[in-house]
Amino acid sequence: MFRSKADSFRLKYCLLLILVAIAAPLRVSAQAIATTGRPQIALSQPLTLRWRYPSDLTLNLTPAFDHESIYVPLAGGAIVALKASDGQLRWRSEIGGELSASPAADAQQIYVASEIGGDDKSDQVRRRATGTLRALGRDSGVTQWMRTLAKPLQGGLVVKDGLIFAGGADGKFYSFEAKTGQARWSLDYSAAFNCQPIVSGGRVYIGSEDGSLLALDKNTGKLLWRHRSKGPVRGPAAVEEDTVFFGSGDGHVYAVDVANGRLRWRNRTGASVQAVSRVEEGVLVASLDNFVYLYSFSGSRLWKRQLAGRIASQPYTAADGALFTPLSTSAAVVLGLTDGRPVNTLPTDEELTTSASPVGIGDAVFLTTQRGLLSFAQPHERATKSN
């Protein structure tokens with residue numbers, strides 16, 4: 001059938017519009033993967049060692065990461081930036097003192113807390129500021145800004161919506177501007193903080209050494225409510241719609257109302273609880289009695305599984321399982337979320353002695369050990385390079 005040039009042009013233009021419409025969501029998806037490090041690795045599939053970064057200076061601090069690099073804290077006030085894909089060293093920054101909290105990263109900078117003069121107990125040192133918070137450039141590790149604090153920050157840092165949140169040994173909890181390091185607000189509390197904060201729904205949830213979970217307004221620092229347990233609260237809380245879940249050193253996991261902190265339910269485990277994670281099936285809880293529990297959001301226990309060692313770190317979770325690093329064992333373990341049965345193991349060839357949590361970037365998971373950092377991925381992606 002004969003078509004005029006105008007008809008042919010209109011047909012080509014319509015085809016171009018269709019292609020653009022198809023490609024747009026694909027570009028959005030690619031951007032989301034680049035930003036979040038997704039898609040997640042399939043934890044239940046065979047995983048083998050991709051690369052190893054050897055070091056005998058690793059700490060009980062969880063590395064920070066972005067979509068292409070992982071930032072490993074080391075003893076002596078050092079932090080190294082490694083390419084997530086192959087473990088190549090990008091830079092090393094010597095901060096001095098000792099790192100005091102797990103670092104955090106965003107698309108521009110890495111945020112690092114340290115303690116200076118920590119071993120010196122003289123009156124002069126006790127009177128002066130011993131904590132620092134600084135931002136390191138993502139590409140070079142050069143300090144962009146630094147703030148001095150009365151006491152060191154502890155637990156972990158979290159960066160969200162251009163703000164850094166962290167608590168200190170002196171009972172102060174802070175919000176800082178990520179770009180400049182200027183304090184947005186601070187809260188003076190009666191007990192020390194050694195926790196991993198989380199930010200959800202315009203609120204910051206933090207645990208204290210006196211056994212309290214506090215809910216603060218993210219923008220002002222106003223204390224909205226406090227729920228008291230009988231043991232220190234150090235692990236991150238988890239939020240599901242109108243409920244906040246947290247673990248305590250008193251051996252219980254708690255569910256409280258988001259609006260007012262009132263108790264909805266409380267379940268006892270066999271020992272101190274430091275790891276609570278929200279998964280699709282419910283609330284995943286790990287305690288220092290070597291057991292992992294899965295509770296429904298309403299508090300019913302769905303399953304219970306014993307591992308070979310204590311679990312002192314937060315698991316890494318994916319759609320098909322949760323990765324745990326039991327202490328005093330030589331392998332990380334993946335439990336299926338439907339029934340808690342082991343579905344995979346990641347041998348480390350050394351005893352796990354650190355409470356640093358495993359992390360995932362794209363198609364790989366990373367384990368901190370006493371002798372370095374290990375990267376695991378599916379066998380067909382395996383690279384043999386070792387630093």
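Being a predicted model, the structure only gives us computed values, none of them experimental. (Residues numbered from 1 in each chain as written. Predicted model: local features only at pLDDT ≥ 70, side-chain atom pairs only at ≥ 80, totals over all residues. Heavy atoms only, no water.)

Undergrad: I would appreciate a short explanation of the sheet that holds strand S29 (residues 321-324) in the present structure.
TA: Strand pairing within a sheet occurs via backbone hydrogen bonds; the two strands may be parallel or antiparallel. Spatially, S28-S29-S30-S31 is the arrangement adopted by the 4 strands of the open sheet, whose pairing is antiparallel. Of all the strands in the sheet, the pair left with one neighbour each is strand S28 (316-318) and strand S31 (342-347). With direction set aside, neighbouring strand axes in the sheet form an average angle of 20°. Here S28 pairs with S29 via 3 bridges, running antiparallel. Bridge pairing in S29 links Thr317 to Ala322. (Pairing = 2+ DSSP bridges. Helix = DSSP H or I, 4+ residues; strand = E, 2+ residues; numbered from the N terminus. Axes fitted to C-alpha atoms, helices over the stretch in contact; angles between N-to-C directions.)

Undergrad: Got a minute to help me understand the nonpolar core in this structure?
TA: Nonpolar side chains in soluble globular proteins tend to end up buried together. Grouped together as the largest cluster of nonpolar side chains are 16 residues, with contacts concentrated most on Tyr111, Leu133, Leu153, Leu157 and Ile164. At the level of secondary structure, the elements contributing two or more residues to this core comprise strand S9 (109-115), strand S10 (131-137), strand S11 (143-149), strand S12 (153-160), strand S13 (163-168) and strand S14 (172-177). Residue contributions to this core peak at 3 residues, all from S12. Apart from residues lying up to four places away in sequence, Tyr111 is in contact with Pro103, Ala104, Ala105, Asp106, Arg134, Ala135, Trp145, Leu157, Val159, Ile164 and Ala178. (Core = buried A, V, L, I, M, F, W, Y, C linked by side-chain atoms within 4.5 Å. Buried < 20%, exposed > 50% of the residue type's maximum accessible area, 1.4 Å probe, protein only. Contact = heavy atoms within 4.5 Å.)

Undergrad: I keep staring at the confidence of the model for the protein chain and nothing clicks. Help me out?
TA: Fine structural detail should not be taken from predicted coordinates in areas where pLDDT scores are low. Confidence in the prediction for the protein chain averages 89 pLDDT; 85% of positions are at 70 or higher. Confidence drops under pLDDT 50 across residues 12-39; counting only partners more than four residues distant or on other chains, this segment forms 11 contacts. Under a pLDDT of 50 for its full length, residues 381-386 has, in the predicted model, 15 contacts with residues more than four places off or in other chains. (pLDDT = per-residue confidence, 0-100.)

Undergrad: In this structure, what is going on with the side chain of Arg50? I would like to understand it.
TA: Tracing the backbone through its elements, the reader meets Arg50 in strand S1 (residues 48-54). Classification of Arg50 as buried rests on a relative accessible area of 6%. A distance of 3.1 Å separates the side chain of Arg50 from the side chain of Asp363, its partner in a polar contact. (Polar contact = N/O pair within 3.5 Å; in protein donor to acceptor, adjacent residues only side chain to side chain.)

Undergrad: I keep staring at the layout of surface pockets and nothing clicks. Help me out?
TA: If a probe the size of a water molecule is rolled over the atoms, the empty space left behind becomes visible. There is about 160 Å³ of room inside the second largest pocket. Taken together, Asp106, Ala107, Gln108, Gln109, Tyr111, Gly162, Glu177, Ala178 and Lys179 make up the full set of residues lining the second largest pocket. Considered class by class, the residues forming the lining of the second largest pocket number 3 nonpolar, 3 polar and 3 charged. (1 Å grid on protein atoms, 1.4 Å probe; cavity = no way out; pocket = protein on both sides within 12 Å on 5 of 7 lines; lining within 4 Å. Points joined across faces, edges and corners; volume = space filled by probe spheres on them. Nonpolar A, V, L, I, M, F, W, Y, C, P; charged D, E, K, R; others polar.)

Undergrad: Quick question: what am I supposed to make of unusual backbone geometry here?
TA: Apart from glycine, the bulk of residues carry a negative phi angle, and the bulk of peptide bonds sit in the trans form. Look at Asn290: it is not a glycine, yet its phi comes out positive at around 80°. Counting through the fold element by element, Asn290 comes out in the loop between strand S25 (282-287) and strand S26 (291-295). Residue Asn290 is classed as buried on the basis of its relative accessible area, which comes to 17%. Even without a glycine there, the phi angle at Asp349 is positive, about 60°. Among the structural elements, Asp349 can be located in the loop between S31 and strand S32 (359-361).

Undergrad: I'm lost on the sheet that holds S14 in this one. Help?
TA: Spatially, 5 strands are ordered S7-S12-S13-S14-S15 in an open sheet, and the strand pairing comes out mixed. Each edge of the open sheet carries a strand with a single partner, namely strand S7 (101-102) and strand S15 (183-188). Alignment of S12 against S13, held across 5 bridges, turns out to be antiparallel. Residue pairing in the sheet places Lys160 in a bridge with Leu163 of S13.

Undergrad: In this structure, what is going on with the environment of Ile110? I would like to understand it.
TA: You can see Ile110 is positioned in strand S9. Along the backbone, Ile110 and Ala64 are 46 residues apart, and their C-alpha atoms lie at a distance of 7.7 Å. Contacts of Ile110, omitting those with residues within four sequence positions, involve Tyr71, Ile79, Trp91, Ala104, Ala105, Arg134, Ala135, Leu136, Gly137 and Arg138.

Undergrad: Can you walk me through the pattern of salt bridges in this structure?
TA: A side chain of one charge can pair with a side chain of the opposite charge when the charged atoms of the two come close. Going through the model one piece at a time under the given rule, you end up with 16 salt bridges. Residue Glu177 is joined to Arg184 by a salt bridge in which the shortest nitrogen-to-oxygen separation is 2.9 Å. Taking the relative accessible area as the measure of exposure, Glu177 reaches 26% and is therefore partly exposed. When salt bridges that share partners are traced, they join Asp66, Glu68, Arg90, Arg138 and Asp139 into one network. (Salt bridge = Lys/Arg side-chain N within 4 Å of Asp/Glu carboxyl O.)

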